[in-house]
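Okay, here's what each chain looks like letter by letter:
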Amino acid sequence: MILDIRLRTAADMVPVGSRLADIGSDHAYLPIALCLENKIECALASDINEGPVAAAVANISKNNLSGRIKAVRADGLDAAEEFAPDCVTILGMGGELIVSILKKADWIRHEDVTLVLQPMTHPEILAKYLAEQGFCVTDERIVCDGGRDDRIYRVIKAFFDGQARILSESEALIGKINLERLDGTTMAYVRRNIRVLETRIKGKATVGADSTCERELVGELKRYLERNTKNESN
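Description of the structure in this document. (Residues numbered from 1 in each chain as written. Predicted model: local features only at pLDDT ≥ 70, side-chain atom pairs only at ≥ 80, totals over all residues. Heavy atoms only, no water.)

### Overview of a nonpolar patch on the surface
Where we set the bar: Only residues above 30% relative accessible area that lack a salt bridge enter a patch, with like-charged residues linked at up to 9 Å and the nonpolar side chains Val, Leu, Ile, Met, Phe, Trp and Tyr linked at up to 5 Å. The method behind every accessible area is Shrake-Rupley, applied with a 1.4 Å probe, and residues are considered shielded solely by the protein chains displayed. By definition here, a salt bridge exists when the distance from a side-chain nitrogen of Lys or Arg to a carboxyl oxygen of Asp or Glu is within 4 Å. Helix and strand assignments come from DSSP, with helices taken as H or I runs of at least 4 residues and strands as E runs of at least 2, each series counted from the N terminus. Each residue is placed in one exposure class: buried if its accessible area under a 1.4 Å probe, protein chains only, is under 20% of its type's maximum, exposed if it is over 50%, and partly exposed if it falls in between.
Nonpolar side chains collect at one region of the surface, where Met1, Tyr29 and Leu36 lie side by side and expose about 260 Å² of accessible area between them. The topology assignment puts Tyr29 in helix 2 (residues 29–36). On the accessibility criterion, Tyr29 (36% relative accessible area) is partly exposed.

### Concerning the packing of aromatic side chains
Threshold: Under the pairing criterion, centres of Phe, Tyr and Trp rings, with the six-membered ring standing for Trp, must be within 6.5 Å; the plane angle then separates stacked pairs below 30 degrees from edge-to-face pairs above 60, leaving the rest tilted. Criterion for a charge above a ring: Arg CZ or Lys NZ at most 6 Å from the ring centre, at most 35 degrees from the ring normal.
What the rule picks out here adds up to one aromatic pair. An angle of 65° between the planes, with centres 5.2 Å apart, marks the rings of Phe135 and Phe160 as edge-to-face. Taken as a pair, Phe135 in strand 6 (residues 135–144) and Phe160 in strand 7 (residues 152–160) lie far apart in primary sequence, 25 residues in all. Stacked on the ring of Tyr153, the Lys or Arg Arg6 has its end atom at 5.8 Å from the ring centre. Directly above the ring of Phe83 sits Arg19, whose terminal nitrogen or CZ lies 4.3 Å from the centroid.

### Thoughts on the sheet that holds strand 2 (residues 40–47)
Inclusion rule: At least two bridges found by DSSP between two strands is the condition for calling them paired. The axes are straight lines fitted to the C-alpha atoms, using for helices just the contacting stretch, and the angles between their N-to-C directions are given from 0 to 180°. Contacts between residues were defined by any pair of non-hydrogen atoms, one from each residue, lying within 4.5 Å.
Strands sit in the order 3-2-1-4-5-7-6 across an open sheet of seven strands; the sheet is mixed. Both edges of this open sheet fall to strand 3 (69–73) and strand 6, since each of them pairs with a single strand only. Ignoring which end each strand starts from, the neighbouring axes of this sheet average 15° apart. Across nine bridges, the pairing between strand 6 and strand 7 is antiparallel. The residue bridging Asp139 from the neighbouring strand is Lys157, located in strand 7. Sitting on the sheet, helix 4 (residues 95–103) is in contact with strand 4 (87–93) and strand 5 (114–119), with an inclination near 150° to strand 4.

Shown next as structure tokens:
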């Protein structure tokens, strides 16, 4: 089972020996790959739609993993608590949707439950929720699929420690760990967000709307890029 870089990055963040609940599992590619690698003990592949669940069942059977992976149709984490996972993956959904799923499951607020999350949109909303609600981000990555600017993804690994945190706007958007690392892919992600924000600023200017927040965030992001350029030159 060959995973694309987005799923491979998430797979690498799953702890060895986990009982995995993969939410929005679609074709169950992630749990199948992890079982074939013998990285996880077992998995629950959950999706809200019948089609993806049927595809997951077929793929699980094809790989002779019916004894280790169970595919179910469920809304968010509704079916996961009974399975008692110690790792939950939610990938390929909007940041707001991931937040709404997490809000409904108090049992994930435990230090022994690892979350691996990959928001397709509004990563800042998810990051702020995690910080404010006492989840500690232990790792995160920015990865690019095929060198395409429209396929840059942020993957977050976290667990609950009960300590609320405050993030700056740039930390929420890009990720505190990513900004500290600021590798080439992260810099490309920062530049893409600057372009998006500058387009938004221009749009607001045409209708006379206030863009103070966007301009301040652009300034923050540009300072990170300048700082990194200076460090490289030294």
